[in-house]
Amino acid sequence: MTRPRWDQDAREPIDEGLERAVIRVIDTMRQNLSEQLTVDDMARAARFSKFHFSRVFQRVTGVSPGRFLSAMRLQEAKRLLLTTSLSVADITFQVGYNSVGTFSTRFKESVGLSPTQYRRFGGYTKDIATDDRRRGLRSTTLRGEIKSPPDNPVGTVFVGLFPDWIPQGFPVKCTVLRTPGPYELADIPPGTWHLLAHAVAPGQEHVAGFDADRQSLVVGANGPIAVRSETSLKRVNLQLRPMRILDPPILLALLDVREMALSKQAG
């Protein structure tokens, strides 16, 4: 039996045996976040050759093993910052970094806040920056529908356009919807992008996206999406579904952005 990794990106269904192998590797990553895991270590956990393993992992998750491991380390750092009194230095080494400076830089680039700010604001951010480096180029409007998962209530939905499958750093454009439904992202520059979304059940907007809360999260992805300078309007739909262990962690701090956007809409 096979099933597609993404609801919208179902070009090549993934065999369940390959998924189980990748899940073994993700479990190994989670148990060894403070260790310097190599591709050889991960390939042994998958029971594949090193070269075959890297191709399989990328096909199943959408990102390389190294990128996935880095995202898991930062996600664990987010959890430790909010649930423990460990210092930033202690957290740095606990999630596999050897330098506090390097860790803090990577954390801010991915989450949008420094580790100390993330802890101070309780995992919330009051603003989210978009990547405006391509402003001025001929742009495209992206429209479509965010579809609810069957039999799963969904509240506010964050929708963003990113360079790859991990929701981190600076989205090209983003928006917040009260509920799943039509969306529009204007002024999209030419390039190849990935439309990513996540949401939680009504009343669960405080969920910070930790692995422990995956049962509360629904996600969706569609891509790669090629945007060309001669295209003025592009339609892309996205199906939300429950988050799985194979999905890359959500790194970007988003929750207060949702509340602010909804307040503006109400005003």
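Here, the structure is the one placed above.
Here the structure is a predicted model, which means the values were calculated and not measured. (Residues numbered from 1 in each chain as written. Predicted model: local features only at pLDDT ≥ 70, side-chain atom pairs only at ≥ 80, totals over all residues. Heavy atoms only, no water.)

Draft legend 1. Region of the structure containing the packing of aromatic side chains. This model, assessed by the stated rule, comprises 5 aromatic pairs. On the basis of an interplanar angle of 55° and a centroid distance of 5.7 Å, the ring pair of Phe 103 and Phe 107 is categorised as tilted. Taken together, the positions of Phe 103 and Phe 107, both in helix α6 (residues 100-111) and 4 residues apart, correspond to about one turn of that helix. Looking at Phe 103, the relative accessible area reads 0%, which means it is buried. Residue classification places Phe 107 among the buried residues on the basis of a relative accessible area of 0%. Here the aromatic residues Tyr 97, Phe 103, Phe 107 and Tyr 118 are joined through ring pairs into a cluster of three or more. (Phe/Tyr/Trp six-rings, centres within 6.5 Å; stacked < 30°, edge-to-face > 60°. Helix = DSSP H or I, 4+ residues; strand = E, 2+ residues; numbered from the N terminus. Buried < 20%, exposed > 50% of the residue type's maximum accessible area, 1.4 Å probe, protein only.)

Draft legend 2. Quick peek at the sheet that holds strand β11 (residues 241-242). With respect to topology, 5 strands assemble into an open sheet ordered β5-β4-β7-β8-β11, the strand pairing being antiparallel. With partners counted over all chains shown, the strands left at the sheet margins are β5 (173-177) and β11, one partner each. Across 5 bridges, strand β4 (residues 157-162) lies against β5 in antiparallel orientation. The residue of β5 that forms the bridge with Phe 158 is Val 176. (Pairing = 2+ DSSP bridges.)

Draft legend 3. The arrangement of empty space enclosed by the protein in detail. Under the definition given, this model contains 2 cavities of 30 Å³ or more. Within this model, the largest cavity holds a volume of roughly 130 Å³. Counting residues per element, the ones that place at least two in the lining of the largest cavity are β4, β7 (191-200) and β8 (217-227). Taken together, the residues of the lining of the largest cavity sort by class into 12 nonpolar, 2 polar and 1 charged. (1 Å grid on protein atoms, 1.4 Å probe; cavity = no way out; pocket = protein on both sides within 12 Å on 5 of 7 lines; lining within 4 Å. Points joined across faces, edges and corners; volume = space filled by probe spheres on them. Nonpolar A, V, L, I, M, F, W, Y, C, P; charged D, E, K, R; others polar.)

Draft legend 4. Examining the side chain of Asp 247 more closely. Relative to the helices and strands, Asp 247 is located in the loop between β11 and α8 (255-266). When its relative accessible area of 4% is taken as the criterion, Asp 247 is described as buried. Of the polar contacts made by the side chain of Asp 247, one reaches the side chain of Arg 241; its length is 2.8 Å. (Polar contact = N/O pair within 3.5 Å; in protein donor to acceptor, adjacent residues only side chain to side chain.)

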